[in-house]
Amino acid sequence: MSIQPRRVENVQTDKGSVPVYATGIVEQPWDDYSATDHDVWKQLYKRQRRLLVGRASDEFLIAQDAMGMTPDAIPKFAELNSVLRAATGWELIGVEGLLPELTFFDHLANRRFPVTWWIRTPEQLDYLAEPDLFHDLFGHVPLLMNPLFGDYMAAYGRGGVKAHGIGPEALVNLTRLYWYTVEFGLIRQKDGLRIYGSGIVSSMGESIHCLESPAPNRIGFDLQRIMRTRYRIDTYQKTYFVIDSFAQLIEATEPDFTPIYAHLATQDSIPAGAVLATETVFHRGTGEGWSNEGDV
Ligand code: PHE
Ligand code: CO
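Values in this document were obtained by computation on a predicted structure and should not be read as measured data. (Residues numbered from 1 in each chain as written. Chains lettered and ligands numbered in written order. Predicted model: local features only at pLDDT ≥ 70, side-chain atom pairs only at ≥ 80, totals over all residues. Heavy atoms only, no water.)

Undergrad: Explain the site of ligand 1 to me, please; I cannot follow it from the model alone.
TA: Around ligand 1, a shell composed of Y152, A155, Y156, G159, K162, L174, L177, T253, E254, P255, D256 and F257 is seen. A distance of 3.0 Å separates an oxygen atom of ligand 1 from a polar atom in the backbone of F257. In the complex, 93% of the free accessible area of ligand 1, which totals 320 Å², lies under the protein chains. At a threshold of 2 Å from the grid points, most atoms of ligand 1 map onto the second largest pocket. (Near = heavy atom within 4 Å. Polar contact = N/O pair within 3.5 Å; in protein donor to acceptor, adjacent residues only side chain to side chain. Areas by Shrake-Rupley, 256 points an atom, 1.4 Å probe, with all protein chains shown as cover. 1 Å grid on protein atoms, 1.4 Å probe; cavity = no way out; pocket = protein on both sides within 12 Å on 5 of 7 lines; lining within 4 Å. Sits in = over half its atoms within 2 Å of the grid points.)

Undergrad: Sorry if this is basic, but what is going on with unusual backbone geometry here?
TA: Glycine aside, negative phi is the norm for most residues, and most peptide bonds take the trans geometry. The backbone phi angle of R111 is positive, close to 60°, even though this residue is not glycine. Its location among the elements puts R111 in the loop between α4 (101-109) and β4 (112-116). (Helix = DSSP H or I, 4+ residues; strand = E, 2+ residues; numbered from the N terminus.)

Undergrad: I tried to follow the pattern of salt bridges on my own but got confused; where do I start?
TA: Within this structure, the stated rule accounts for 13 salt bridges. Across the pair R47 and D126 runs a salt bridge whose closest N-O atoms are separated by 2.9 Å. Placement of the pair is R47 in helix α1 (residues 35-52) and D126 in the loop between β4 and α5 (133-140), with a sequence separation of 79 residues. For R232, the salt bridge identified is with D234, shortest N-O distance 3.1 Å. Linked through salt bridges whose partners overlap, the residues forming this network are D58, D191 and R194. (Salt bridge = Lys/Arg side-chain N within 4 Å of Asp/Glu carboxyl O.)

Undergrad: How do you make sense of the side chain of R194 when you look at a structure like this?
TA: Secondary-structure assignment places R194 in strand β6 (residues 192-195). Judged by relative accessible area, R194 falls into the buried class, the value being 7%. (Buried < 20%, exposed > 50% of the residue type's maximum accessible area, 1.4 Å probe, protein only.)

Undergrad: I tried to follow the coordination of the cobalt ion (ligand 2) on my own but got confused; where do I start?
TA: Ideal donor angles around a metal are set by the shape: a four-donor tetrahedron calls for 109.5 degrees, a six-donor octahedron for 90 or 180 degrees. All of the protein donors around the cobalt ion (ligand 2) are H135 (NE2), H140 (NE2), E183 (OE) and E183 (OE); their distances to the metal are 1.9 to 2.8 Å. For the cobalt ion (ligand 2), the four donor atoms in the first shell make angles of 52 to 136° at the metal, so the coordination geometry reads as irregular. Going along the chain, you hit the donors of the cobalt ion (ligand 2) in the pattern H-x4-H-x42-E. Like H140, H135 is buried. (Donors = N, O, S within 2.8 Å, 3.2 Å for Na, K, Ca; no water. Tetrahedral: all angles 85-135°; square planar, octahedral: opposite > 155°, others 65-115°.)

Undergrad: Quick question: what am I supposed to make of the layout of surface pockets here?
TA: It is a probe the size of a water molecule, rolled over the atoms, that shows where empty space is left. Taken as a whole, the second largest pocket encloses approximately 310 Å³ of empty space. A155, Y156, G159, T253 and E254 are, among the 15 residues lining the second largest pocket, the residues nearest its centre. For the lining of the second largest pocket, the elements supplying multiple residues, two or more each, are α6 (147-166), α7 (168-183) and α11 (246-253). Per element, the largest residue contribution to the lining of the second largest pocket is seven residues, and it comes from α6. Taken together, the residues of the lining of the second largest pocket break down into nine nonpolar, two polar and four charged. (Points joined across faces, edges and corners; volume = space filled by probe spheres on them. Nonpolar A, V, L, I, M, F, W, Y, C, P; charged D, E, K, R; others polar.)

Undergrad: Sorry, what's going on with the pairing of strand β5 (residues 186-189) here?
TA: The pairing of β5 with β6 spans four bridges and is classified as antiparallel. If you follow I187 over to β6, its bridge partner there is R194. Taken together, β5 and the strand that follows it, β6, pair antiparallel across an intervening segment of two residues. (Pairing = 2+ DSSP bridges.)

Undergrad: What's the story with helix α9 (residues 204-212) in this structure? I'm lost.
TA: Within α9 the residues assigned to the buried category are E206, S207, H209, C210 and L211. Those residues of α9 that are buried lie in contact with α1, β5, β6, α8 (198-201), β7 (217-220) and β8 (239-243). (Contact = heavy atoms within 4.5 Å.)

Undergrad: Hey, could you run me through the packing of α1 against helix α2 (residues 58-67) in this one?
TA: Geometrically, a packed helix pair is captured by the angle between its two axes and the distance between the axes. In contact at an axis separation of 11 Å, α1 and α2 are set at 140° when each is read in the N-to-C sense. The orientation of α1 relative to α2 falls into the category oblique. Remark: the crossing between α1 and α2 carries left-handed chirality. Judged by residue contacts, Y45, R49 and L52 of α1 engage F60, L61, Q64 and D65 from α2. Residues belonging to the contact of α1 with α2 are distributed by class as follows: four nonpolar, one polar and two charged. (Axes fitted to C-alpha atoms, helices over the stretch in contact; angles between N-to-C directions. Parallel < 35°, antiparallel > 145°, perpendicular 65-115°, else oblique. Left-handed = near helix turned anticlockwise from the far one by under 90°.)

Written as structure tokens, this is what we have:
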């Protein structure tokens, strides 16, 4: 049996009912991880790494290697932190689970990435409904080693604090940006489409689905289009947005969003699976073949 986190309450959000945990920073209780916990880490790590070579972006794979994570045991946050701090000034902090939005934004703005300390059970290898240590650490942390992506995450945190002050609609817009980039983003490399989103790299099924299934739409990154697009949290995504580089992501999100939020307040949202008449959809391969295969 693994140790259980203290769940505080459930709150209704844009994403449905989500559990909220104690908001404090907790010391990673590394000595308390069971052999089963370490084995879950090992199985998931090996399975995903095998799958991700050739599917995840080179940046992700390089960053993960540079961090010194291994399948052997659940990493110690303190050890990863010395590498991470030296590389980009980011550090991990241990938490019980999802945080209130403003708390989360404030951590990111200050280059602290909250990592859930507990790991899923062996019955949950393929899916669980909320972030655990494997999703947070394996999925999110490697790219914090990348200077451009690290800057993007901190800028997102500052933008989150600002959007929180503007109002709930602005927050919905901004959260969609996080969802379709940080969690479920694809990137076009010279040799084709690759994954960089954490929600994908920590999922065996979605790592294959997002690139190989003909079902989802893969559409070029467009800030306002993303901010209008609803999303699903209980199935694979119906739409993925594709960036050309992390530099593109930073450039596109540099402008002040305040007038953009005001404009979007006058626009309808777009269903998760829709393709607009003017949009083209990517295939895998070289990423060069464009077509209008999607549903309008
Ligand atoms: N430029 C955004 C703003 O003014 C901040 C931001 C940067 C948001 C990067 C997301 C990502 O609100
Ligand atoms: Co996540």
